[in-house]
Amino acid sequence: MKINFNQLDRGYFKYQNEYDLAVLQTLKSGWYILGKNVERFESEFADFIGTKFCVGLNSGLDALILAFRALGVGIGDEVIVPANTYIASVLGITENGATPVFVEPDHYFNLDDNRIEEKITKNTKAILVVHLYGQAANMKRIKEIANRNKLYLIEDCAQSHGAKFENRTTGAWGDIGCFSFYPTKNIGAFGDSGAIVTDNPLIYEKIKMLRNYGSKIKYHNEILGVNSRLDEIQAAILSVKLSHYNQLQKEREKISRRYLDEIKNEFIKLPKIRENAGHVWHLFVIRTDDRKKLQKYLTDHEIGTQIHYPIPPHLSKAYDFLGHKQGNLTITENYADTVISLPLYEGMTEAEVSYVINIINEYEG
Ligand SMILES: *Cc1c(COP(=O)(O)O)cnc(C)c1O
C-alpha cells in the first residue's frame, strides 16, 4: 500500500460540488477583489474564533508581518519567539527590523512559559506565541506574563485553527491572532491566503488599510501599505471549508486517536498532550533517536513522512547575521534532529491508518 504524506485532492473531492459552485458563482459575478465573499468569510471567521474582527490577507506570513507593523514593533525592539517553530514566525519579526529573542520549547513542542521572563529586557515589546502542530500553548500563564510586563501578545495560529486553551480559542487570547490558510493547513484554501483576528477596532482599521496600499478610500493613501488582499475565489472556498470544520476536525481527531492508542514501539516517542490545551492535530509528530533509519524504513514501505522542521530558524543560513551557533538552544536542536511527522489528512482511510500503525509497530529500531 502506498501512502503519501499528504493527498490534497481528497479534500477537494469530498465537497467537490460545493467548491465548484462557490468558484463558478464567483467567476460569473464579475467581482474578484474585496467583495462580498471576503466580507462574509471575515465575519464567519471572526465568529468562529470569537473575536470582533477579522481581516483577510494574502498569506500567513503577511498576517505576521502586518501584525507587528500595525503595533509599531520595529527597529530596536525585541520580540520573544519560540526557537522551535517554522521560520515564517521569525520572518514576521525581522521583516519589520525587530530582533527575535529565541526561547526553548517545553515537552509539548511549544514556547516554555518558565523560560520567558529571563529573556525580557527594556527593549522587549512583544511575545509571539506559536501553537505548534495544532496544540495550544500555555496561554493563561503566557497572557499573565505579557500583561504583567506590558508586552503585546501576538499568536501565530497557522497550525491551530479552532484549538482552544481552556474555553478560549487560540487567536482570541492575544492582541492579534495570525492565521494561514495554505492548502495543507487544517482550514486550507486552494491557493495562498491568510488572515488576522482581533478585538481592537484600531488594529482592525490599521491592518485593513495596510493590506490595501495604506488606503481606506481608493487613491487616498494615508500610510505606507502593501498589497495583501484575500481574493474573492479563495474566500468563497474558505467559507465552504469552514462550514465543514466540525466534520473535518473529527476526522483528524479519529486518525490521531488511533495513532496514540495503537502505536506501540519502544523506539517511538508519541506526542504529549497538555491538560486544558486543545489539540487540532495539524501534524502528528513523533520522535525517535535514529530518525534517518526510521524514515528510510517507512520510505521502503511506501509511507510518506516529512520533518517539521530539520533546521531551526536560529541555525538557518538566512539568520547567520544574528550570530547564533549550534549548541545555543539544545532542546530545540534536539527536536530538530529527532522529530518526524506521519501521514494525517482529510480523506485518509481506516485501512491506510491501520497500515501505517502496523508497519511502525513492526519497526525494530
Ligand atoms: C504555514 C505557517 C506560516 C506561514 O503561512 P503562509 O500562509 O505559508 O505564509 C506561519 N507560521 C507557521 C507556524 C506556519 O505553519
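Residues numbered from 1 in each chain as written. Predicted model: local features only at pLDDT ≥ 70, side-chain atom pairs only at ≥ 80, totals over all residues. Heavy atoms only, no water.

In the annotation of an unreviewed UniProt entry, the protein is listed under the name Aminotransferase and assigned to Formimonas warabiya. According to the UniProt record, the Sequence similarities (unreviewed entry) comment for the protein reads "Belongs to the DegT/DnrJ/EryC1 family." (UniProt positions renumbered as here; feature names shortened; annotations may be inferred.)

Enquirer: Would you mind showing me how to read the UniProt feature "active site" (unreviewed entry) in the protein here?
Expert: Under the local residue numbering, the UniProt record ascribes the feature "active site" (unreviewed entry) to Lys185. Structurally, Lys185 is set in the loop between β8 (176–180) and β9 (194–198). Residue contacts for Lys185: discarding those within four places in its chain leaves Ala158, His161, Ser180, Arg252 and His282. (Helix = DSSP H or I, 4+ residues; strand = E, 2+ residues; numbered from the N terminus. Contact = heavy atoms within 4.5 Å.)

Enquirer: Explain the UniProt feature "modified residue: N6-(pyridoxal phosphate)lysine" (unreviewed entry) in the protein to me, please; I cannot follow it from the model alone.
Expert: The UniProt feature table records "modified residue: N6-(pyridoxal phosphate)lysine" (unreviewed entry) at Lys185. A relative accessible area of 12% means that Lys185 is categorised as buried. (Buried < 20%, exposed > 50% of the residue type's maximum accessible area, 1.4 Å probe, protein only.)

Enquirer: It is not clear to me how the site of the ligand should be interpreted in this structure. Could you clarify?
Expert: If you check the shell around the ligand, you find Ser59, Gly60, Leu61, Leu64, Tyr86, Ala88, Val130, Asp156, Ala158, Gln159, Ser180 and Lys185 and nothing else. Here an oxygen atom of the ligand sits 2.8 Å away from a polar atom, N or O, in the side chain of Gln159. Ser180 is positioned such that a nitrogen or oxygen atom in its side chain is 2.7 Å from an oxygen atom of the ligand. Bound to the protein, the ligand loses 91% of the 380 Å² it would expose on its own. Top contributing element to the shell around the ligand by residue count: helix α4 (residues 60–71), with three residues. Taken together, the residues of the shell around the ligand break down into six nonpolar, four polar and two charged. (Near = heavy atom within 4 Å. Polar contact = N/O pair within 3.5 Å; in protein donor to acceptor, adjacent residues only side chain to side chain. Areas by Shrake-Rupley, 256 points an atom, 1.4 Å probe, with all protein chains shown as cover. Nonpolar A, V, L, I, M, F, W, Y, C, P; charged D, E, K, R; others polar.)

Enquirer: What's the story with the environment of Lys325 in this structure? I'm lost.
Expert: If you trace the backbone, Lys325 turns up in the loop between α10 (291–300) and α11 (330–338). Residue class for Lys325 comes out exposed when judged on its relative accessible area of 56%. Along the sequence, Lys325 and Leu315 sit ten residues apart, while their C-alpha atoms lie 6.7 Å from each other.

Enquirer: Please clarify how the sheet that holds strand β5 (residues 152–156) should be interpreted in this entry.
Expert: The strands making up a sheet associate through hydrogen bonds between their backbones, and the pairing can be parallel or antiparallel. One open sheet accounts for seven strands, arranged β1-β9-β8-β5-β4-β2-β3; its pairing is mixed. The sheet terminates laterally at β1 (53–57) and β3 (99–103), the two strands that pair on one side only. Between one strand and the next, the sheet's axes are offset by a mean angle of 20°, whatever the strand orientation. In the sheet, strand β2 (residues 78–82) pairs with β3 via five bridges, with the strands oriented parallel. The residue bridging Val79 from the neighbouring strand is Pro100, located in β3. Contacting β1, β8 and β9, helix α3 (residues 36–49) crosses the sheet at an angle of about 125° to β1. (Pairing = 2+ DSSP bridges. Axes fitted to C-alpha atoms, helices over the stretch in contact; angles between N-to-C directions.)

Enquirer: Would you take a moment to explain the environment of Glu104 for this structure?
Expert: With respect to the secondary-structure elements, Glu104 resides in the loop between β3 and β4 (124–130). The buried category is assigned to Glu104, whose relative accessible area is 8%. Each C-alpha atom of the pair Glu104 and Lys2 lies 37 Å from the other, and the pair is 102 residues apart in sequence. Glu104 has contacts with Asn110, Leu111, Asp112, Arg115, Leu329, Thr330, Ile331 and Thr332, leaving out every residue within four places of it along the chain.

Enquirer: Is there a simple way to think about the nonpolar core in this case?
Expert: The tendency in soluble globular proteins is for nonpolar side chains to be buried as a group. If you look at the biggest cluster of nonpolar residues, it comprises 35 residues, and the most contacted ones within it are Tyr259, Phe284, Leu294, Leu298, Leu342 and Met348. Within the residue set of this core, elements represented by two or more residues are α9 (245–262), β12 (284–287), α10, β13 (339–342) and α12 (350–361). In terms of residue count, the dominant contributor to this core is α12 (six residues). The residue makeup of this core includes at least three contributed by each of domain 1 (8–102 + 111–243) and domain 2 (245–361). In this structure, Ala63, Leu71, Val79 and Ala98 belong to the second largest nonpolar core, which totals 30 residues. (Core = buried A, V, L, I, M, F, W, Y, C linked by side-chain atoms within 4.5 Å. Domains from an automatic or database assignment.)

Enquirer: What am I meant to see in unusual backbone geometry here?
Expert: In the segment running from His308 into Tyr309, the intervening peptide bond is cis, with an omega of 10°. Relative to the helices and strands, Tyr309 resides in the loop between α10 and α11. The backbone phi angle of Leu34 is positive, close to 45°, even though this residue is not glycine. Summarising the element assignment, Leu34 is placed in the loop between α2 (16–29) and α3. At Tyr133, a residue that is not glycine, the phi angle is positive and equals roughly 65°. Tracing the chain through its elements places Tyr133 in the loop between β4 and α6 (139–148). With a relative accessible area of 3%, Tyr133 lands in the buried category.

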